[in-house]
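# Close look at the chain arrangement
Listed below are the residues making up each chain.
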Amino acid sequence: MDSAAEALARWAHELVPDAEDLGLAQRSLVDTLAVTLAARDDDLVRISAGLPDAARWAAVGHVLDFDDLHMESTAHISVVCVPATLAAGGDARAYLAGAGVMARIGMALGWSHYASGWHATCTAGAPAAAVCAAVALGLSREQIATAMALAVPAAGGVQRAFGSSGKSLQVGFAADAGVRAARLAAAGATADPTAVDAWLRLVGGDPERIDVTGPAVPGGLAIKMFPCCYALQRPISALREQLPAPITPAEVTGIEVRTPACAVQPLIHHRPNTGLQGKFSMEYAVATVLLDPHPGFGSFTDRAVNRPEAQRLLKLVKVTETPGGDWLLAGQVAITATLADGTRHDVALQLPPGSPGRPPSEQDMTAKIADCGEDVPALLSDVDWHRAVKLLAEHLPGEVVHDQEKEPA
């Protein structure tokens with residue numbers, strides 16, 4: 001029987017995308033480029049300037065936490081697979097091959113892997129990036145499997161990095177490791193493909209869950225409407241869609257959030273004091289909805305998180321977790337806001353806008369791209385995989401870092 005890497009390599013090598021697959025690839029390209037361009041002024045651009053293209057593009061593309069998500073694997077697929085594909089000169093087919101592998105590895109890892117604290121975007125991302133680059137480079141089926149095995153040492157990343165630049169950088173490391181592994185395979189490096197199976201078992205996955213049937217990316221991809229952790233898309237949407245307006249924040253005396261525990265797994269910051277921490281805080285998400293007409297980039301800055309009224313409101317939030325569930329949209333979120341006069345407002349929601357069960361409309365995508373910068377809609381109006389490389393090179397130029405010359409002995 002084939003190993004997991006061999007089965008996935010065969011699938012990737014033989015992939016013939018259909019029109020629906022290609023449509024998803026184009027949407028993923030545009031969405032990923034938009035959120036990457038939106039971060040052009042972020043300090044991470046300077047920090048990551050000396051990294052290779054795939055690492056730099058992926059890290060900057062992820063720093064705003066506005067990129068897409070594969071729900072079944074809890075992995076940010078495109079922010080790994082788009083940069084890896086572009087860095088290797090690939091196209092939609094290379095992206096779809098890697099994205100499909102990433103989804104399937106993530107599903108084989110399962111919810112228990114994510115619930116244990118692993119960052120599935122990195123663990124599933126490194127071997128998937130290797131597939132993107134290997135297909136882009138025209139490698140054989142055997143070489144694709146080898147590249148996946150060579151990426152195994154980099155297939156790690158933890159959720160404790162959430163709320164710091166470490167989260168984005170470890171995503172960048174995964175993308176770069178995959179490209180490096182593919183180039184080594186192309187150069188003749190060897191590796192045992194069953195290393196992928198061994199690694200899967202070591203991190204709690206099951207190689208026998210690998211299923212290469214179905215569409216390129218099984219389940220599709222969720223598009224974020226707000227620049228923060230996906231676990232916050234549902235509570236933010238529930239409050240914005242159902243809370244009667246206007247409610248004066250000063251009148252709020254208590255807020256209770258009832259949610260399955262699995263749906264708040266990545267929300268590790270309960271008293272945030274930075275913008276990055278606010279992106280992983282249920283308490284702050286509730287506060288910012290009450291304060292801001294649309295929680296956008298400006299809502300997740302250090303200054304916004306430290307607003308006195310935001311800090312007051314987030315301390316009023318009580319989160320009650322119920323057991324069960326195995327993904328971020330299990331069950332539903334229910335929120336009760338209590339006002340000073342005793343009035344109670346109840347809201348509840350299962351699927352937020354942008355989720356595969358409630359896909360974004362053309363208007364939703366247009367609005368999101370426009371939010372990413374005044375020039376972004378025009379820059380992306382006719383973008384393809386070839387022009388995307390030139391676009392990133394122009395707007396996110398790398399920096400050649402030379403080793404300091406050694407002092408003479």
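Keep in mind the model is a prediction, meaning the values are calculated, not measured.

Time to look at the domain arrangement of the protein chain. When its domains are assigned, the protein chain resolves into domain 1 (4-225 + 362-395) and domain 2 (230-349). A straight line from the C-alpha centre of domain 1 to that of domain 2 covers 30 Å. Contacts between the two partners involve 24 residues from domain 1, matched on the other side by 19 residues from domain 2. Here domain 1 meets domain 2 over a buried area of about 1800 Å², counting both sides, of which 67% is carbon and sulfur. Three residues stand out in domain 1 for area buried against domain 2, namely Met71, Trp111 and Gly163, and they jointly supply 32% of the buried area on that side. Where domain 1 meets domain 2, there are zero salt bridges.

It is worth spelling out the side chain of Asp21 at this point. In this structure, Asp21 sits in helix H2 (residues 19-37). Those residues within four positions of Asp21 in sequence are excluded, and the remaining contacts are Leu96, Pro215 and Ala216.

If you check UniProt for "domain: MmgE/PrpD C-terminal" (unreviewed entry), the listed places come out as residues 226-376 in our numbering. The span residues 226-376 carries 30% helix and 19% strand; its end-to-end C-alpha distance comes to 17 Å.

Before going further, it helps to examine the environment of Leu243. Tracing the backbone through its elements, the reader meets Leu243 in the loop between helix H12 (233-242) and strand S1 (252-260). Judged by relative accessible area, which is 15%, Leu243 ranks as buried. Put simply, Leu243 and Glu72 are 171 residues apart on the chain and 29 Å apart in space, counted from C-alpha to C-alpha.

On to the state of the cysteines, then. Taken as a whole, this structure holds zero disulfides when the rule is applied. Here Cys132 is not disulfide-linked; the sulfur of Cys81 is the nearest cysteine sulfur, at 3.7 Å. For the unlinked cysteine Cys228, the closest cysteine sulfur is that of Cys229, found at 7.2 Å. Exposure remark for Cys228: the relative accessible area of 0% places this residue in the buried category.

So, on to helix H9 (residues 141-151). Within H9, burial applies to Ile144, Ala145, Thr146, Ala147, Met148, Ala149 and Ala151. At its buried positions, H9 is contacted by helix H1 (4-14), helix H6 (92-115), helix H8 (125-136), helix H10 (165-187) and helix H11 (194-202).

Attention now goes to the packing of aromatic side chains. Summed over all chains, the structure comprises five aromatic pairs. Seen in terms of ring centroids, Phe66 and Phe297 are 5.5 Å apart; in terms of plane orientation they differ by 85°. Their pairing is edge-to-face. Of this pair, Phe66 sits in the loop between helix H4 (53-62) and helix H5 (78-87) while Phe297 sits in the loop between helix H14 (282-291) and helix H15 (302-305); the two residues are 231 residues apart in sequence, bridging distant segments of the chain. Relative accessible area serves as the criterion here: at 2%, Phe66 is assigned to the buried category. Residues Trp111 and Tyr114 carry aromatic rings whose centres are separated by 5.3 Å and whose planes lie at 35° to one another, so their mutual orientation is tilted. Taken together, the positions of Trp111 and Tyr114, both in helix H6 and three residues apart, correspond to about one turn of that helix. Across the pair, exposure class does not vary: Trp111 and Tyr114 are buried alike. Directly above the ring of Trp11 sits Arg104, whose terminal nitrogen or CZ lies 4.5 Å from the centroid. One Lys or Arg, Lys167, reaches over the ring of Phe162 and ends 4.8 Å from the middle of that ring.

Two elements in contact, H9 and H10, have axes whose closest approach is 8 Å; the angle formed by their N-to-C orientations is 130°. Viewed along their axes, H9 and H10 adopt a mutual orientation that is oblique. Crossing angle aside, the handedness with which H9 passes H10 is right-handed. Residues Gln143, Thr146, Ala147, Leu150 and Ala151 of H9 touch H10, and the partners they reach there are Ala181, Ala182, Leu184, Ala185 and Ala186.

A few words on the environment of His13. Mapped onto the secondary structure, His13 falls in helix H1. If we ignore the near neighbours within four places in the chain, the residues touching His13 are Arg93, Leu139, Ser140, Arg141 and Ile144.

Here the focus is the pattern of salt bridges. Per the counting criterion, the structure on display carries 14 salt bridges. Where Arg358 meets Glu241, a salt bridge forms, and the shortest distance between an N and an O atom there is 2.7 Å. Of the two residues, Arg358 is situated in the loop between strand S4 (344-349) and helix H17 (362-371) and Glu241 in helix H12; the sequence distance between them amounts to 117 residues. Taking relative accessible area as the criterion, Arg358 reaches 31% and is therefore assigned partly exposed. Through salt bridges with shared partners, a single network forms among Asp65, Lys167 and Lys224.

The next thing to look at is the confidence of the model for the protein chain. Taken as a whole, the protein chain shows an average pLDDT of 95; of its residues, 97% reach a score of 70 or greater. Note that pLDDT drops below 50 for residues 401-409; the model gives that stretch one contact with residues more than four away or on any other chain.

All right, on to the sheet that holds strand S2 (residues 317-322) then. Strand pairing in a sheet relies on backbone hydrogen bonds. The paired strands run either parallel or antiparallel. Pairing in this open sheet of four strands is mixed, and the strands run S2-S1-S3-S4 from one edge to the other. Where the open sheet ends on each side, the last strands, each with one partner, are S2 and S4. The sheet shows a mean angle of 15° between the axes of neighbouring strands, direction not considered. Where S1 meets strand S3 (residues 333-339), six bridges bridge the pair, whose relative direction is antiparallel. Among the inter-strand pairings, Val257 is bridged to a residue of S3, identified as Ile335. Running at roughly 130° to S1, H14 makes contact with S1 and S2 of the sheet.

Each value, and the rule that gives it
- Residues numbered from 1 in each chain as written.
- Predicted model: local features only at pLDDT ≥ 70, side-chain atom pairs only at ≥ 80, totals over all residues.
- Heavy atoms only, no water.
- Domains from an automatic or database assignment.
- Contact = heavy atoms within 4.5 Å.
- Buried area = accessible area lost by both parts, 1.4 Å probe.
- Salt bridge = Lys/Arg side-chain N within 4 Å of Asp/Glu carboxyl O.
- Helix = DSSP H or I, 4+ residues; strand = E, 2+ residues; numbered from the N terminus.
- UniProt positions renumbered as here; feature names shortened; annotations may be inferred.
- Buried < 20%, exposed > 50% of the residue type's maximum accessible area, 1.4 Å probe, protein only.
- Disulfide = S-S within 2.5 Å.
- Phe/Tyr/Trp six-rings, centres within 6.5 Å; stacked < 30°, edge-to-face > 60°.
- Lys NZ or Arg CZ within 6 Å of the ring centre and 35° of its normal.
- Axes fitted to C-alpha atoms, helices over the stretch in contact; angles between N-to-C directions.
- Parallel < 35°, antiparallel > 145°, perpendicular 65-115°, else oblique.
- Left-handed = near helix turned anticlockwise from the far one by under 90°.
- pLDDT = per-residue confidence, 0-100.
- Pairing = 2+ DSSP bridges.

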